[in-house]
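The primary structure of each chain is shown beneath.
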Amino acid sequence: MNINRKPIFAANWKMNKGASETEDFIKSFLSKIQGQNFAAEIVIAPPFVSLPKLADLLHSAATGQNAHAIQIAAQNCSQYDSGAYTGEISVLMLREFFVHYVILGHSERRSIFGETDAVINAKMKKAREANLKPIFCIGETLAERESGKLESVLRTQITEGLSGLTEKDMAETVIAYEPVWAIGTGVTATSQQAQDAHAFVRSVIAEIYGADTAGRIRIQYGGSVKPGNAAELMACPDIDGALIGGAALEPQSFFEIIANGCAE
Ligand code: PEP
């Protein structure tokens, strides 16, 4: 963690929690963070159908007292504006529910739904047109790491995924480094593996956008982050928060990850 970059802890609920479970989670989570003043940004990405409930709950909390601001993220968006795209959700629809962030390029979107770097790039551009802040996910498979392709895979995902995006766009973008072999597996990258990958990602951003942008961009780590490993990971100089799947489904463990991550 670097004091010049505000860490960002984002819960990716994936296909979990409809409206009533969202309500249960938020009530419990808000009671835990009440009165805390974490020097961190907190983001929750529920399924699309739970966005209205989340927006309502956070709006009521914000008009109460002392609620730590929580930002809303979507887990995906369409690369198109509107029209005959059955099952898709546009960036303008997301804006109506006070969505500020959108997760793009998640490895599950890449591997299960076939999203290519070109599709992810189109979504990144569409998100920025609507002034949404992308959480741009990249990461290598175990086979790619073991065959020495870590850096070339990350470089390709970065150059193709961010193609055509400006320095100004980068100021509103968060990168999530998520080794595919660590997502949902219980296996976490060691803090050294994570730090090395983050430093490499930052160096590629510096080559493309310059040292200032690279020094400012936040790079989250994702992949089996838990309360027990958050502090060690967040102590690394190039790690600026976490993108959390499984452990963010319970209010207590999401809270503990943030508290432990901020305590280093
Ligand atoms: C994720 O899906 O982005 C993720 C990091 O999941 P998990 O924390 O469960 O590994």
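The text that follows walks through the structure, step by step, so that each part is easy to find. (Residues numbered from 1 in each chain as written. Predicted model: local features only at pLDDT ≥ 70, side-chain atom pairs only at ≥ 80, totals over all residues. Heavy atoms only, no water.)

Near the ligand there are 14 residues, and of these Lys14, Glu178, Gly184, Ser224 and Gly245 occur at the shortest range. One nitrogen or oxygen atom from the side chain of lysine 14 is found 2.5 Å from an oxygen atom belonging to the ligand. Histidine 106 places a polar side-chain atom, nitrogen or oxygen, 2.8 Å from an oxygen atom of the ligand. Protein contacts shield 96% of the accessible area of the ligand, which totals 290 Å² for the unbound molecule. Tallied by class, the residues present in the shell around the ligand amount to 4 nonpolar, 8 polar and 2 charged. (Near = heavy atom within 4 Å. Polar contact = N/O pair within 3.5 Å; in protein donor to acceptor, adjacent residues only side chain to side chain. Areas by Shrake-Rupley, 256 points an atom, 1.4 Å probe, with all protein chains shown as cover. Nonpolar A, V, L, I, M, F, W, Y, C, P; charged D, E, K, R; others polar.)

The next thing to look at is the packing of aromatic side chains. Scanning all chains against the criterion turns up 6 aromatic pairs. Look at tryptophan 13 and phenylalanine 25: their rings are 4.8 Å apart centre to centre, the planes differ by 70°, and that puts the pair in the edge-to-face class. Within this pair, whereas tryptophan 13 is found in the loop between β1 (8-12) and α1 (19-33), its partner phenylalanine 25 is found in helix α1, the two being separated by 12 residues in sequence. A relative accessible area of 0% places tryptophan 13 in the buried class. Pairing tyrosine 80 with tyrosine 85 gives two aromatic rings, centres 4.0 Å apart and planes at 5°, and the pair type is stacked. Judged by its relative accessible area of 37%, tyrosine 85 falls in the partly exposed class. The cationic tip of lysine 17 hangs over the ring face of tryptophan 13; the distance from NZ or CZ to the ring centre is 5.5 Å. Between the NZ or CZ atom of arginine 109 and the centre of the ring of phenylalanine 113, over which it lies, the distance is 4.1 Å. (Phe/Tyr/Trp six-rings, centres within 6.5 Å; stacked < 30°, edge-to-face > 60°. Helix = DSSP H or I, 4+ residues; strand = E, 2+ residues; numbered from the N terminus. Buried < 20%, exposed > 50% of the residue type's maximum accessible area, 1.4 Å probe, protein only. Lys NZ or Arg CZ within 6 Å of the ring centre and 35° of its normal.)

Once that is clear, we can look at the sheet that holds strand β2 (residues 41-45). Pairing within the closed barrel is parallel, and its 8 strands lie in the order β1-β2-β3-β4-β5-β6-β7-β8. Averaged over all pairs of adjacent strands, the angle between strand axes in this sheet comes to 25°, irrespective of strand direction. Running at roughly 170° to β2, α1 makes contact with β2 and β3 (70-74) of the sheet. (Pairing = 2+ DSSP bridges. Axes fitted to C-alpha atoms, helices over the stretch in contact; angles between N-to-C directions. Contact = heavy atoms within 4.5 Å.)

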